[in-house]
Amino acid sequence: MKKMCLVLSFTLILFLLLSCNGINNDHLKADSRCDFDNPLECNIYNGSNLLHYNNGFLYFYNIFPNIPGGQPEGRTLMRLDIKTNLVYPVCSKPQCTHNDLSCVYYGIYPCLYLNNDHVIFTRMVLSLENGEMGVSNEVVNLINGEKLIRDSITASSGSIIMKMLFWKDFVYYLSDSSKSEEGISAFRWNLSKNTVEEMKSFSEPISSENSEYDFLAFMLDNQIYYVWDHTLYSADPDFSNEKIIRKDFDVLEALTDGEHIYYGVQSDKREGIETFYMTDPDFRSITPLGITAETGRVHVTENWIYYVKYDEISIGKNRVPGYEGDEIILEGSEIWRCRHDGEGHELVFRFDGELANTRPLHEIIVGDDIYTLYSYWNDDDQDDVLRDGDQFVSFVGDNFIIMKIHIPTGEVSYLDGIPD
Ligand SMILES: [Zn+2]
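The residue count restarts for each chain, going from 1 along the sequence in the order it is written. Only residues with pLDDT of 70 or above have their local features reported here, since the model is predicted, and side-chain atom pairs are shown and tallied only from 80 upward, although totals for entire chains, interfaces and linings are computed over all residues.

When you go through the chain residue by residue, the secondary structure sums to 2 helices and 32 strands. Here the chain holds 420 residues, and 38% of them are scored as buried. Whether two residues are in contact depends on their C-beta atoms, placed from the backbone: they are in contact if these lie within 7 Å. Across the chain, the fraction of contacts at a sequence separation of at least 24, relative to all contacts at a separation of at least 6, is 47%. Going along the chain from the N terminus, every DSSP run of H or I of four or more residues is numbered as a helix, and every run of E of two or more is numbered as a strand. Note on burial: count the other C-beta atoms lying within 10 Å of the residue's C-beta; 20 or more is buried, 12 or fewer is exposed, in between is partly exposed, and C-beta positions come from the backbone.

Looking now at the sheet that holds strand 23 (residues 312-319). Note: two strands are recorded as paired if DSSP finds a minimum of 2 bridges between them. Taken together, the 3 strands give an open sheet; going across it, the order is 24-23-29, and neighbouring strands pair in mixed fashion. With one partner strand each, in any of the chains shown, strand 24 (327-331) and strand 29 (385-387) form the two edges of the open sheet. Across the sheet, the axes of successive neighbouring strands diverge by a mean angle of 50 degrees, strand direction being ignored. Sheet topology places strand 23 next to strand 29; 3 bridges connect them, and they run parallel. If you follow K317 over to strand 29, its bridge partner there is V385. Angles here are taken between N-to-C directions and fall from 0 to 180 degrees, while the axes themselves are lines fitted to C-alpha atoms, restricted in helices to the stretch in contact.

On to the nonpolar core, then. Within soluble globular proteins, side chains that are nonpolar generally end up buried alongside one another. Note on terminology: a nonpolar core is a set of buried residues of type Ala, Val, Leu, Ile, Met, Phe, Trp, Tyr or Cys, with members joined through C-beta atoms within 7 Å. Residues M164, Y172 and L216 are the most contacted members of the largest nonpolar core, which totals 89 residues. Setting aside its immediate chain neighbours within four residues, Y172 contacts M164, L165, W167, A186, R188, L216 and I224.

Pairing within the open sheet is antiparallel, and its 4 strands lie in the order 14-15-16-17. Strand pairing shows two members of the sheet lacking a second neighbour, strand 14 (216-220) and strand 17 (243-246), which therefore form its edges. If you compare each strand with its neighbour and ignore which way they point, the axes differ by 30 degrees on average. Bridging between strand 16 (residues 231-235) and strand 17 involves 3 bridges; their strand directions are antiparallel.

Glancing now at the pairing of strand 32 (residues 411-416). Successive residues of a regular strand alternate their side chains across the two faces of the sheet. Sheet analysis places strand 31 (residues 401-406) next to strand 32, joined by 6 bridges and oriented antiparallel. Note that in strand 32 the partner of K404 across the bridge is S413. Here strand 31 folds back onto strand 32, and the loop between the two strands holds 4 residues, one of which, G410, carries a positive phi near 75 degrees.

Its location among the elements puts E334 in strand 25 (residues 334-338). C-alpha of E334 to C-alpha of R350: the two residues are 16 residues apart in sequence and 4.5 Å apart in space. Setting aside anything within four residues of it in sequence, one finds E334 in contact with K309, D311, L347 and R350.

Let us now look at the environment of T409. Mapped onto the fold, T409 is located in the loop between strand 31 and strand 32. A residue is classified by how many C-beta atoms lie within 10 Å of it, and T409, with 19 of them, is partly exposed. In the structure, T409 is positioned 60 residues away from F349 in sequence and 9.8 Å away in space, judged by C-alpha atoms.

Mapped onto the fold, A293 is located in strand 21 (residues 286-300). In the structure, A293 is positioned 24 residues away from K269 in sequence and 9.8 Å away in space, judged by C-alpha atoms. Discounting chain neighbours no more than four positions away, the residues touching A293 are E274, V298, Y307, V308, K309 and Y310.

This next bit is on the confidence of the model for the chain. Each residue carries a pLDDT value, the predictor's own confidence for that position, ranging from 0 to 100. Here the chain shows a mean pLDDT of 80. Residues at 70 or above account for 77%. Every residue in residues 1-34 scores below 50 in pLDDT, and together they form 54 contacts with partners more than four places removed in sequence or on other chains. Confidence over residues 152-157 falls short of pLDDT 50; this stretch has 10 contacts with residues more than four positions distant or in other chains.

The structure is reproduced here in structure tokens:
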């Protein structure tokens with residue numbers, strides 16, 4: 001089932017081959033290490049992200065070339081080998097068309113979770129129950145294709161778990177409590193035994209700043225950290241020995257690199273824009289990091305903290321129905337990075353020149369490359385007026401185009417995520 005993906009830039013493979021030989025590395029002054037720079041796994045995993053990375057492959061859902069029998073909005077799980085740029089369906093079943101429910105890697109609004117050898121996804125399927133169209137979840141272990149039993153234990157069919165925290169053989173997540181109607185519980189799913197335990201119930205309201213089911217944070221020093229009712233707690237992996245780490249902890253997001261804690265507080269910019277701070281696990285000192293970014297746009301890798309810096313740039317007058325404001329304002333024109341200690345901020349890439357109307361929308365950093373799904377505004381007649389239909393989004397409709405930015409050189413290339 002191997003199929004060639006379309007490589008729009010033919011220089012790409014050359015750059016991949018040469019990138020560790022010190023050629024063309026003067027784009028950034030700081031050392032661009034050639035040790036492979038992986039995304040970190042100690043933070044909560046957002047299953048609704050559009051791009052995922054695991055062991056040499058970029059994973060994503062897209063529309064498989066449509067053959068009758070598929071469900072509306074259905075997507076098929078693909079993977080791209082980052083060494084060869086080849087795109088494959090993950091399913092290797094012979095004769096499978098990968099675009100209806102007989103393919104376990106096909107579904108509606110799927111969520112994907114990847115961690116070491118554990119590759120799990122949740123899919124919604126439309127089903128006729130009692131004559132009515134309903135929605136149900138299925139969770140499949142992608143390694144062996146076996147369906148797992150999470151939903152039969154939590155009885156939370158109909159809800160999709162958006163965020164999971166992986167630790168050793170366990171997956172932590174929040175779902176409806178079995179003990180009270182309003183309550184939420186933290187569950188721990190043992191992937192090797194395929195059993196689920198309800199670990200801790202929360203009955204009080206959670207922080208209003210955090211959406212429901214969204215407050216597990218990270219693992220640090222074999223402790224689980226979570227935010228509940230404006231307080232940061234740590235506990236043993238079985239939720240015993242709970243400690244209050246920080247009160248009045250009103251954050252939009254909290255991350256770790258395994259040593260420091262980073263957290264984002266609502267900034268004075270628009271809603272969802274965070275200002276980041278760094279501290280140690282006991283909060284002895286708090287350092288402002290000089291990072292202002294939208295929630296979800298700060299990425300901790302083994303070597304760096306990458307962030308899409310928040311800015312607003314007008315690119316023309318707005319004549320698009322339903323788009324608010326007199327002008328089309330784009331956010332996030334620059335990608336920056338700094339070291340884990342907050343030192344050495346440097347510009348990684350700026351969307352200007354030919355890319356002045358292009359912005360990354362979802363990105364993942366792997367090694368020396370940024371992979372991003374993006375949007376582009378096309379002002380063909382250059383009258384600085386943008387109209388309906390002038391925006392191209394790289395991952396809607398029949399498109400799934402990934403922009404790849406090679407950090408040491410700034411080279412941009414485009415990968416088609418849809419097999420021929
Ligand atoms: Zn299939």
